[in-house]
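Now for the letters of each chain:
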Amino acid sequence: MKDVLKRFTVKDDFMGKYETLIQEVVIPFQEKILHDQAGVAEKSHAISNFELAAEKIETGKCDQPFYGMVFQDSDVAKWLEAAAYSLGMHPDSELEKRCDEIIDLIGRAQWEDGYLNTYFTVKAPEHRWDNLEWAHELYCAGHMMEAAVAFYEMTGKKKLMEIMSRMGEHMYERFIVNEAPGYPGHPEVELGLLRLADATGNERFKALAEHFINVRGVDLEFYNWEHKNADWFPFGGTRPNSNMAYSQAHLPVREQTDAVGHSVRAVYLYTAMADMALKNKDEALKKACENLWESITQRRMYVTGSIGSAYEGEAFTEDYHLPNDTAYAETCAGIGLIFFARRMVELSAKSTYADVMEKALYNTVLPGMQLDGTRFFYVNPLEVIPGVSGKAKTHKHALPERPNWFACACCPPNVARLLPSIGRYALGIVEDTVYSHLFIGGELKLEEGMGGKVIVTSELPYDNKVSYHFEPTDAEMVMTLAVRMPYWSEKTGIRLNGKDISPKISEGYAYISGPFSKEDVIDVTFDMSVKKVYANQQLFADNGRLAVQRGPLVYCAEGRDNDDDVLSLVIEKDAIFNESFVHELGGVVRLTVDGLRRSSDTSLYSFDQPESEKVKISLVPYYTWGNRGLNQMRVWLPYV
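Notes on the overall build of the chain
And then number 1: Along the chain, the regular secondary structure elements total 16 helices and 22 strands.
And then number 2: Rg of the C-alpha trace for the chain: 25 Å, near the compact-globule value of 26 Å for 640 residues, within the 12% margin.
And then number 3: The buried share of the chain, taken over its 640 residues, is 61%.
And then number 4: A fraction of 71% describes how many contacts in the chain between residues 6 or more apart in sequence connect residues 24 or more apart.
And then number 5: Across the chain, the mean location of the 67 positive side-chain charges is 1 Å away from that of the 93 negative side-chain charges.

Here we look at the pattern of salt bridges
And then number 1: What the rule picks out here adds up to 42 salt bridges.
And then number 2: Between Lys279 and Asp275 there is a salt bridge, with the nearest N and O atoms lying 2.7 Å from each other. Remark: Asp275 and Lys279 occur in helix α11 (residues 263-280); sequence separation between them is four residues, near one turn of the helix.
And then number 3: Lys279 gets classed as partly exposed once you look at its relative accessible area, which sits at 29%.

Description of unusual backbone geometry
And then number 1: The step from Leu460 to Pro461 runs through a cis peptide bond, and the omega angle for that step is 10°.
And then number 2: Within the secondary structure layout, Pro461 lies in the loop between β6 (452-458) and β7 (465-472).
And then number 3: Of note, the amide linkage connecting Gly514 to Pro515 takes the cis form, showing an omega dihedral of 20°.
And then number 4: For Asp563, which is not glycine, the phi torsion reads 55° and is therefore positive.
And then number 5: One can find Asp563 in the loop between β16 (553-558) and β17 (569-571).

Looking at empty space enclosed by the protein
And then number 1: In this structure the tally under the stated criterion is four cavities of 30 Å³ or more.
And then number 2: Its boundaries defined by the atoms lining it, the largest cavity holds a volume of some 60 Å³.
And then number 3: In terms of lining residues, the largest cavity is bounded by Phe50, Asp73, Leu116, Asn117, Cys140, Ala141, Met144 and Met164.
And then number 4: Looking at the lining of the largest cavity element by element, the count peaks at three residues for helix α6 (residues 137-155).
And then number 5: Split into classes, the residues belonging to the lining of the largest cavity amount to six nonpolar, one polar and one charged.

Some remarks on the sheet that holds strand β4 (residues 433-436)
And then number 1: Pairing is mixed across the open sheet formed by five strands, whose spatial order is β3-β4-β8-β12-β11. The two strands at the open ends of the sheet, each matched to only one other strand, are β3 (427-430) and β11 (504-506). Adjacent strand axes in the sheet meet at a mean angle of 25°, parallel and antiparallel pairs treated alike.
And then number 2: Examined bridge by bridge, β4 and strand β8 (residues 480-484) share four bridges and lie parallel to one another. Following the sheet pairing, Tyr435 is matched in β8 by Ala482.
And then number 3: Where helix α14 (residues 351-365) meets the sheet, its contacts fall on β8 and β12 (509-513), and the angle it forms with β8 comes to roughly 60°.

Describing the side chain of Asp527
And then number 1: The topology assignment puts Asp527 in the loop between β13 (521-525) and β14 (530-533).
And then number 2: Relative accessible area serves as the criterion here: at 18%, Asp527 is assigned to the buried category.
And then number 3: Side-chain polar atoms of Asp527 contact the side chain of Lys531, separated by 3.3 Å.
And then number 4: Residue contacts for Asp527: discarding those within four places in its chain leaves Trp488, Ser489, Glu490 and Lys491.

With respect to the side chain of Glu19
And then number 1: Looking at where Glu19 falls in the secondary structure, it is placed in helix α1 (residues 15-34).
And then number 2: One buried charged side chain, Glu19, makes no salt bridge at all; its nearest oppositely charged neighbour is Lys11, positioned 10 Å away.
And then number 3: Beyond its immediate stretch of four places on either side in the chain, Glu19 contacts Val10, Met89, His90 and Pro420.

Remarks on the packing of α11 against helix α13 (residues 331-347)
And then number 1: Where α11 meets α13, the axes come as close as 8 Å, and the angle between the chain directions of the two elements is 15°. Between α11 and α13, the interaxial angle falls into the category roughly parallel. Crossing handedness for the pair α11 and α13: left-handed. Listed contacts from α13 to Ser263, Val264, Val267, Tyr268, Tyr270, Thr271, Ala274, Asp275, Ala277 and Leu278 of α11 are Cys332, Ala333, Gly336, Leu337, Phe339, Phe340, Arg343, Met344, Glu346 and Leu347.
And then number 2: Residues belonging to the contact of α11 with α13 are distributed by class as follows: 14 nonpolar, three polar and three charged.

Some remarks on α6
And then number 1: Between its terminal C-alpha atoms α6 stretches 27 Å, which fits the 27 Å expected from 19 residues at 1.5 Å a residue.
And then number 2: Taking burial as the measure, the 19 residues of α6 include 16 buried ones, the bulk of the element.
And then number 3: Looking at the residues trailing α6, positive phi occurs at Gly156, about 80°.

Examining the sheet that holds strand β9 (residues 493-496)
And then number 1: If you trace the seven strands from one edge of the open sheet to the other, you get β1-β5-β6-β7-β13-β9-β10, paired in antiparallel fashion. Looking along the sheet, the strands with just one partner apiece sit at the ends: β1 (8-10) and β10 (499-500).

A closer look at the environment of Val635
And then number 1: By the secondary structure assignment, Val635 is in the loop between β21 (633-634) and β22 (637-638).
And then number 2: For the pair Val635 and Val566, spaced 69 residues apart in the sequence, the C-alpha separation amounts to 9.9 Å.
And then number 3: Once residues within four sequence positions are removed from consideration, Val635 is found in contact with Val303, Leu382, Leu546, Ala547, Val554, Tyr555, Cys556 and Tyr622.

Overview of the packing of aromatic side chains
And then number 1: Inspection of the entire model under this criterion finds 36 aromatic pairs.
And then number 2: Seen from their ring centres, Tyr378 and Phe406 are 5.6 Å apart, and the 70° between their planes marks the pair as edge-to-face. Of this pair, Tyr378 sits in the loop between α14 and β2 (383-384) while Phe406 sits in the loop between β2 and α15 (411-418); the two residues are 28 residues apart in sequence, bridging distant segments of the chain. The same class applies to Tyr378 as to Phe406, namely buried.

What about helix α9 (residues 203-215)?
And then number 1: Under the 1.5 Å per step criterion, the end-to-end length of α9 is 18 Å for 13 residues, consistent within 8% with the ideal 18 Å.
And then number 2: Of all the residues in α9, the buried ones are Phe205, Lys206, Leu208, Ala209, Phe212 and Ile213. Seen from one end, α9 has its buried residues packed into an arc of 160°, which puts them on one side.
And then number 3: Those residues of α9 hidden inside the fold are in contact with α6, α7 (159-177), α8 (189-200) and α11.
And then number 4: Its side-chain oxygen 2.9 Å from the backbone nitrogen of Arg204, Asn202 forms the N-cap of α9.
And then number 5: Count one or two residues on from α9 and you reach Gly217, which has phi positive near 80°.

Regarding the environment of Pro240
And then number 1: Position of Pro240 relative to the elements: it lies in the loop between α10 (222-229) and α11.
And then number 2: Apart from the residues lying within four places of it in its own chain, the contact partners of Pro240 are Trp134 and Phe233.

What counts, and where the lines are drawn
- Residues numbered from 1 in each chain as written.
- Predicted model: local features only at pLDDT ≥ 70, side-chain atom pairs only at ≥ 80, totals over all residues.
- Heavy atoms only, no water.
- Helix = DSSP H or I, 4+ residues; strand = E, 2+ residues; numbered from the N terminus.
- Rg over C-alpha atoms; globule rule 2.2 N^0.38 Å.
- Buried < 20%, exposed > 50% of the residue type's maximum accessible area, 1.4 Å probe, protein only.
- Contact = heavy atoms within 4.5 Å.
- Lys, Arg positive; Asp, Glu negative; His and termini not counted.
- Charge placed at Lys NZ, Arg CZ, Asp CG, Glu CD.
- Salt bridge = Lys/Arg side-chain N within 4 Å of Asp/Glu carboxyl O.
- 1 Å grid on protein atoms, 1.4 Å probe; cavity = no way out; pocket = protein on both sides within 12 Å on 5 of 7 lines; lining within 4 Å.
- Points joined across faces, edges and corners; volume = space filled by probe spheres on them.
- Nonpolar A, V, L, I, M, F, W, Y, C, P; charged D, E, K, R; others polar.
- Pairing = 2+ DSSP bridges.
- Axes fitted to C-alpha atoms, helices over the stretch in contact; angles between N-to-C directions.
- Polar contact = N/O pair within 3.5 Å; in protein donor to acceptor, adjacent residues only side chain to side chain.
- Parallel < 35°, antiparallel > 145°, perpendicular 65-115°, else oblique.
- Left-handed = near helix turned anticlockwise from the far one by under 90°.
- Expected span 1.5 Å × (residues − 1).
- Phe/Tyr/Trp six-rings, centres within 6.5 Å; stacked < 30°, edge-to-face > 60°.
- Arc of directions from axis to C-beta.

Here it is, written out as structure tokens:
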């Protein structure tokens with residue numbers, strides 16, 4: 001499935017606002033943070049680390065210490081990738097100049113042999129490659145490779161790609177030519193290498209990515225051997241005992257069936273596996289990806305599309321263990337799941353993959369950022385109780401309000417790079433078929449052989465219609481449009497020029513074939529009725545509760561709309577939901593429903609049944625929660 005990012009221009013009332021927000025607010029704000037000019041609580045020092053590394057390379061010494069996490073370089077890489085996508089859509093000579101200056105700095109920080117990493121250049125040059133399990137050298141390299149390819153694709157400039165090609169050659173020499181053992185503790189470099197191979201045509205980068213995938217989990221003693229041979233730990237203190245499942249290294253990848261360990265590491269790895277399966281037509285690898293997908297989406301994923309239920313290890317735990325108030329549900333993990341979903345839909349054009357991609361976008365990625373673009377969630381709980389959330393020892397990670405930044409700031413720039421590249425997830429092309437995965441409005445310029453444009457007009461996520469217009473270069477366009485039939489729409493209508501049609505439906509996509517002229521219009525209407533969602537009974541956290549969904553959006557109750565108390569609310573299961581559009585929260589459809597408020601006396605326990613009074617329960621889209629100050633929030637509500 002061809003990447004259409006450079007051919008698709010977002011023109012969408014909803015997602016277009018996010019593209020503008022990224023361009024005008026998020027990228028400048030994060031740039032100031034990386035330069036330590038924003039005055040936020042957490043210092044970044046990420047650009048300064050590159051300045052120190054360049055000084056060390058050029059003079060042999062530097063006067064200041066490295067500051068931040070061992071993976072601090074990756075923040076700069078993701079920001080550069082975000083800036084690249086923004087430049088591709090909205091050229092900005094001043095931003096491009098500043099990016100060029102940062103790229104020049106990165107080049108100055110590179111060793112003569114191609115090695116690039118500021119932590120090891122400034123702080124621990126004697127420990128290069130000593131600790132693949134924890135040191136994140138390969139992780140940082142992967143993110144910078146992705147940034148390099150994006151910058152080349154969007155601006156045509158090759159300097160960063162040349163820098164990272166030298167790093168790739170250095171790594172190839174070490175791990176392939178010289179046969180150094182090992183594989184990254186945190187997968188990501190596989191993604192960067194595969195993108196770099198595609199952009200440069202250098203097959204060595206693909207071979208190295210394949211090597212890291214194939215050797216993973218084969219030598220179960222590698223990390224212990226590594227520790228014995230270099231007794232050094234980049235985070236200070238005592239190195240923890242190796243947990244091979246934490247790094248998805250407990251089995252060779254083709255034998256893995258359950259999603260385990262650190263959730264971001266997992267989905268980055270699975271994305272690379274799916275990409276490699278596609279490139280090599282590797283059926284065993286494809287089957288492993290299908291099994292891992294099933295494990296995630298059928299047993300270990302929240303109703304919001306979030307993954308990773310445990311603070312300890314930011315990890316998957318066990319089947320159906322999905323607590324709401326202590327959920328980890330990291331924003332980066334949701335982004336990684338979108339990456340995995342996109343590769344899976346390329347492997348097999350099945351709507352279930354794009355359904356999850358949509359779910360994670362609207363209900364994990366968007367809530368990961370404040371509506372004004374200056375505050376971010378690392379963790380996305382499904383229930384928040386001020387005074388407990390963010391304070392109790394078991395809930396310290398589940399913050400009730402978004403901070404500006406983090407000491408470990410992987411999530412904010414990850415959001416910044418995903419949203420302006422949303423076109424590559426919305427649409428795809430296979431031969432003469434255009435796939436509409438996500439219903440985002442815009443213009444798709446087709447290749448010369450297909451001849452013309454497809455114009456998408458979308459009213460989602462709040463209204464129920466998406467339309468496809470055609471602008472052929474000649475009289476007609478000979479092509480097929482494949483429209484996803486989303487799981488949340490029980491009745492989806494398709495019309496061609498105002499007349500109902502019944503196209504072929506396969507694996508959840510409706511295939512409408514041309515030829516199409518400029519007079520042709522395909523209208524698709526969805527059932528946007530409110531759905532009550534019930535969890536599997538093995539998902540014990542949600543027994544006796546329901547969640548609410550309208551279209552692709554999951555809803556929640558906030559204290560701000562419910563007399564500052566959502567914990568006492570109970571939905572009447574047969575009650576009818578009322579919808580109203582309100583301009584608050586950027587313009588949303590608010591839901592109200594009949595329910596009960598249960599009250600009790602002040603004692604901790606009582607023999608008396610709580611009294612109930614009838615109330616109207618108000619619900620707002622989950623992605624908007626936490627934008628009106630500190631208050632309670634709950635997704636899953638009890639029902640009677």
